[in-house]
Amino acid sequence: MQLNEREEGGVLVVAVTGRVDSNTAPEFEERLLGAISQGRRNIILNFSAMDYISSAGLRVLLKAARELKTQSGSLAVCCMRDYIREVFDLSGFTAILTVETDEAGALERAAVN
Amino acid sequence: MATHVAIVNDIAQMPRLHEAVESFGQEHGLSQAAIFEFGLALDELVTNIISYGYSGNGGHLIQVTLDMAGGDLLAVISDDGQPFDPTRAQQPDTGCNLESRCVGGLGIHLARNLVNSIDYARDGARNIVTLRKSPVARCESKCATTRKE
């Protein structure tokens, strides 16, 4: 797993590459919750280069989304492959997280927040 | 020919299982989506065994066999952990909101939905879990009819 962070108009955009599984989820959690504790309120996760996510990774997303909600922030995920999207649908995560098909849409929505 | 992989009950060994699934998938010409779904179902069940199947320390061997049977993908997981039948595990509530969403059981929920069948048997001191999956990904059959992007 690789995480590349960049800033776009006050929004933290994190591009996730590779696998988010039980081995890499702890680092994913540390980085994501670390950014939130440093004051990041609006975060977009770009999953276009993400090959794999398991329930260990989904739990991290849920934790981060909850944390941001209590701080009146926002978490959006974008650009998932079809088969990753299927896992989001099966988990019920499509309904509880903001899912966008492209990054521009996610940025637009974050700007409104 | 069947693929056999044996791993010790340590999460750090999971990449070996993942690599075995990848090469099995390529050998049989499976799509990336089908390999993903099959691999994720196995990952969730084996991760669950490593995390909750054993009390105390010490190495245990978890054996996984991958094969084709009657055109289906077949995986057999054998472990000597506590008796655990994933087909009887409680279903999580996937319909609630962000605040109340409980995360327990999500892995097994995914595994159950990503394959066509899961069977469980206790054989002496071992749990034997058998997964069967059509070689066409859930996503491929569904996305083709419901999602045109």
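Quick note: structure is the one above.
My aim in this report is to walk through the structure given alongside it, one point at a time. (Residues numbered from 1 in each chain as written. Chains lettered and ligands numbered in written order. Predicted model: local features only at pLDDT ≥ 70, side-chain atom pairs only at ≥ 80, totals over all residues. Heavy atoms only, no water.)

What to know about the overall build of chain B
On a plain count of helices and strands, chain B comes out with 4 helices and 5 strands. Each helix and strand of chain B, ordered N terminal to C terminal, gives the series β-α-α-β-β-α-β-β-α. For chain B, buried positions account for 44% of its 149 residues. In chain B, 66% of the contacts between residues at least 6 apart in sequence involve partners at least 24 apart. When the accessible surface of chain B is summed, it comes to about 7,300 Å², and 50% of that surface belongs to carbon and sulfur atoms. (Helix = DSSP H or I, 4+ residues; strand = E, 2+ residues; numbered from the N terminus. Buried < 20%, exposed > 50% of the residue type's maximum accessible area, 1.4 Å probe, protein only. Contact = heavy atoms within 4.5 Å. Areas by Shrake-Rupley, 256 points an atom, 1.4 Å probe, with all protein chains shown as cover.)

Some thoughts on the pairing of strand β3 (residues 42-53) of chain A
Residues and elements named next belong to chain A. Burial of β3 is extensive: 9 of the 12 residues sit out of reach of the surface. Sheet topology note: the strand β2 (residues 11-20)/β3 ladder contains 8 bridges and is parallel. When the sheet's bridge partners are listed, V13 is paired in β3 with I44. Between the parallel elements β2 and β3, the chain passes through helix α1 (residues 25-37) in a crossover that is right-handed. (Pairing = 2+ DSSP bridges. Right-handed = clockwise from strand over helix to strand, strands pointing away.)

Brief notes about the interface of chain B and chain A
At the junction of the two partners, chain B supplies 35 residues and chain A supplies 29 residues. Of the roughly 2,700 Å² buried at the junction of chain B and chain A (both faces included), carbon and sulfur atoms supply 56%. Joining chain B to chain A, the criterion identifies 1 salt bridge. Ionic pairing is found between R138(B) and E86(A), a salt bridge with its closest N-O pair at 2.4 Å. Scanning the region where chain B abuts chain A turns up 7 residue pairs in polar contact (both at pLDDT 80 or more). For the side of chain B that touches chain A, the secondary-structure elements that each account for two or more residues are α1 (14-27), α2 (32-52), α3 (106-114) and α4 (138-146) of chain B. Ranked by the residues each element gives to the side of chain B that touches chain A, the list is headed by α2(B), at 9 residues. Class assignment for the residues of the side of chain B that touches chain A results in 16 nonpolar, 10 polar and 9 charged. (Buried area = accessible area lost by both parts, 1.4 Å probe. Salt bridge = Lys/Arg side-chain N within 4 Å of Asp/Glu carboxyl O. Polar contact = N/O pair within 3.5 Å; in protein donor to acceptor, adjacent residues only side chain to side chain. Nonpolar A, V, L, I, M, F, W, Y, C, P; charged D, E, K, R; others polar.)

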